[in-house]
Amino acid sequence: MSTFWIIFLCVLAAAFVFGLLPFLIMGAVLWCKLLVRTSKKKWGRECSIPDDEEYRRMFDIGIEWDRQYASFKRPVEIKSGRFHLVGEYFDFGNRRAVILIVGRMESLLYSYFFAEPYRAAGYNVLVIDNRAHGESDGMVSSLGFREYRDIQKWAALLHDTLGNDTVFLHGICIGCSTALFALTSKTCPDYLVGMAAEGMYKTFGVSLEKHFEERNKPMFPLGYITEFYIWLFGGANVVSDGPYKRILKMHKPLLMLHSREDPYSLPENAQKLYDSCPSKEKRLVWFPHGGHSRIRIVDCEGYDGAIRAFLTDMDNGTIGTND
């Protein structure tokens, strides 16, 4: 080998070691931090942001709701693929149920906070530990790209075993994506009848970019490398797939609840998602205040009222007539 090629290869090796390799390592670390459960303690059954007063209040209100209706609760479980998943079922004696699907880092305890409008509307309530959260199996969060199958398994339990005629979905943040994937897949059963979505994002990649901007960090190259790991190990294409694409196949009733102050799921993108949805039974309810996934703690009456009104109109077949 000539001296030229030896020098050339040495320069390439140096560029990789001192240029790209550190970013590959940092990207792996960030991916693990965001979407990999490295221990049972991570994403367990406790308040995920205990130092945040508003978030802590949401968690505590939910715990109090659970205490109030504990006599209606029983543990439930399913097998989805190789994963053993657990949840809690509140049987209020109705013939329909809702599955509450929360986002990254949260267990079923956090879900309690969103249960009351459905109990008041005559729904049984299922709260779940998503895979890789709480007491459920799994290590990697796939942002709904794989978890939607779990939701269909939970819905089958509610319908086939627990006697519910229909099942409604309520998603928060990533839970919106999971619910939407479940409802628009070819394997969606008829008894999965619709969903409510709080803080639905266009793609997780756009949401991740907003987090980088918040910290005054550029997406290139670390953000893009992290997205590559999410695809490679989690099976989630967060760049060219997501709610903006799946919503084009959404023909079932859809309620979108969105804050005009949401810093991650931008309001203009929410409007575009709503406009592109082909469902004839859809409604977008705007709230002037509230952070991402925090609308109800700011306006509980408005939030719960919007859900109850939508469910009533869904039953009556009047969604969209005046929207």
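Everything quoted here is computed from the prediction, not taken from an experiment.

A. Examining the overall build of the chain more closely. Check the secondary structure of the chain and you find 12 helices and eight strands. The C-alpha atoms of the chain give 21 Å as radius of gyration, which agrees with the globular expectation for 323 residues (20 Å, within 12%). Seen along its three principal axes, the alpha-carbon backbone of the chain occupies a region of about 80 × 40 × 40 Å. Within the chain, the fraction of its 323 residues that count as buried is 54%.

B. Spotlight on the sheet that holds strand β8 (residues 282-287). An order of β1-β2-β4-β3-β5-β6-β7-β8 is seen for the eight strands of this open sheet, with the pairing classed as mixed. The open sheet has two edge strands, β1 (73-80) and β8, and neither has a second partner. Neighbour-to-neighbour, the strand axes of the sheet open up by a mean angle of 20 degrees, direction not taken into account. Across eight bridges, β1 lies against strand β2 (residues 83-90) in antiparallel orientation. Among the inter-strand pairings, K73 is bridged to a residue of β2, identified as F90. Along the sheet face, helix α5 (residues 147-161) touches β1, β2, β3 (96-101), β4 (124-128), β5 (166-172) and β6 (192-198) and points at about 130 degrees away from the line of β1.

C. Quick peek at unusual backbone geometry. Geometrically, the link from F220 to P221 is a cis peptide bond, its omega value of -5 degrees lying close to zero. Turning to its location among the elements, P221 is positioned in the loop between α7 (204-214) and α8 (222-234). For L143, which is not glycine, the phi dihedral falls at a positive 60 degrees. Note that L143 resides in the loop between β4 and α5. Since its relative accessible area comes to 1%, L143 is described here as buried. In this structure, S293 takes a positive phi of about 65 degrees despite not being glycine.

D. A look at the environment of P22. Tracing the sequence through the fold places P22 in helix α1 (residues 3-35). A sequence separation of 28 residues divides P22 from P50, and the C-alpha atoms of the two residues are 32 Å apart.

E. Expanded view of a nonpolar patch on the surface. On the surface, a nonpolar cluster with roughly 420 Å² of combined accessible area is contributed by F228, W231, L232 and F233. Residue F233 is classed as partly exposed on the basis of its relative accessible area, which comes to 43%.

F. Structural view of the pairing of β5. Burial analysis of β5 places six of its seven residues in the buried class, the great majority of the element. Relative to β5, β3 runs parallel, the two being bridged by six bridges. Bridge assignment links V98 to a residue of β5, and that residue is F168. Relative to β6, β5 is paired through six bridges, and the arrangement is parallel. Across the sheet, residue F168 finds its bridge partner in β6, namely G194. The handedness of the β5 to β6 crossover, carried by helix α6 (residues 174-184), is right-handed.

G. Representation of the confidence of the model for the chain within the structure. Here the chain averages 93 in pLDDT, and 93% of its residues register 70 or above. Counting interchain partners and residues more than four positions distant, the pLDDT-below-50 stretch residues 7-17 has seven contacts.

H. View of the nonpolar core. Ranked by internal contacts, the top residues of the largest apolar core, which has 99 residues, are I99, Y118, L169 and M195. No other element matches α6, which puts seven residues into this core.

I. How the structure looks around the pairing of β3. The element β3 is extensively covered by neighbouring structure, given that five of its six residues are classed as buried. Bridge analysis of β3 against β4 gives four bridges, and the strand direction is parallel. Residue pairing across strands places A97 opposite N124, the latter belonging to β4.

J. Structural detail: the environment of A155. Take A155: it is sitting in helix α5. Owing to a relative accessible area of 0%, A155 belongs among the buried residues under this scheme. The spacing of A155 and F168 is 13 residues in sequence and 8.8 Å in space, taken between C-alpha atoms. In this structure A155 touches I99, V167, Y191 and L192, once residues within four positions along its chain are discounted.

What counts and how
Residues numbered from 1 in each chain as written. Predicted model: local features only at pLDDT ≥ 70, side-chain atom pairs only at ≥ 80, totals over all residues. Heavy atoms only, no water. Helix = DSSP H or I, 4+ residues; strand = E, 2+ residues; numbered from the N terminus. Rg over C-alpha atoms; globule rule 2.2 N^0.38 Å. Buried < 20%, exposed > 50% of the residue type's maximum accessible area, 1.4 Å probe, protein only. Pairing = 2+ DSSP bridges. Axes fitted to C-alpha atoms, helices over the stretch in contact; angles between N-to-C directions. Contact = heavy atoms within 4.5 Å. Patch = residues over 30% accessible without salt bridge, like charges linked within 9 Å, V, L, I, M, F, W, Y side chains within 5 Å. Areas by Shrake-Rupley, 256 points an atom, 1.4 Å probe, with all protein chains shown as cover. Salt bridge = Lys/Arg side-chain N within 4 Å of Asp/Glu carboxyl O. Right-handed = clockwise from strand over helix to strand, strands pointing away. pLDDT = per-residue confidence, 0-100. Core = buried A, V, L, I, M, F, W, Y, C linked by side-chain atoms within 4.5 Å.

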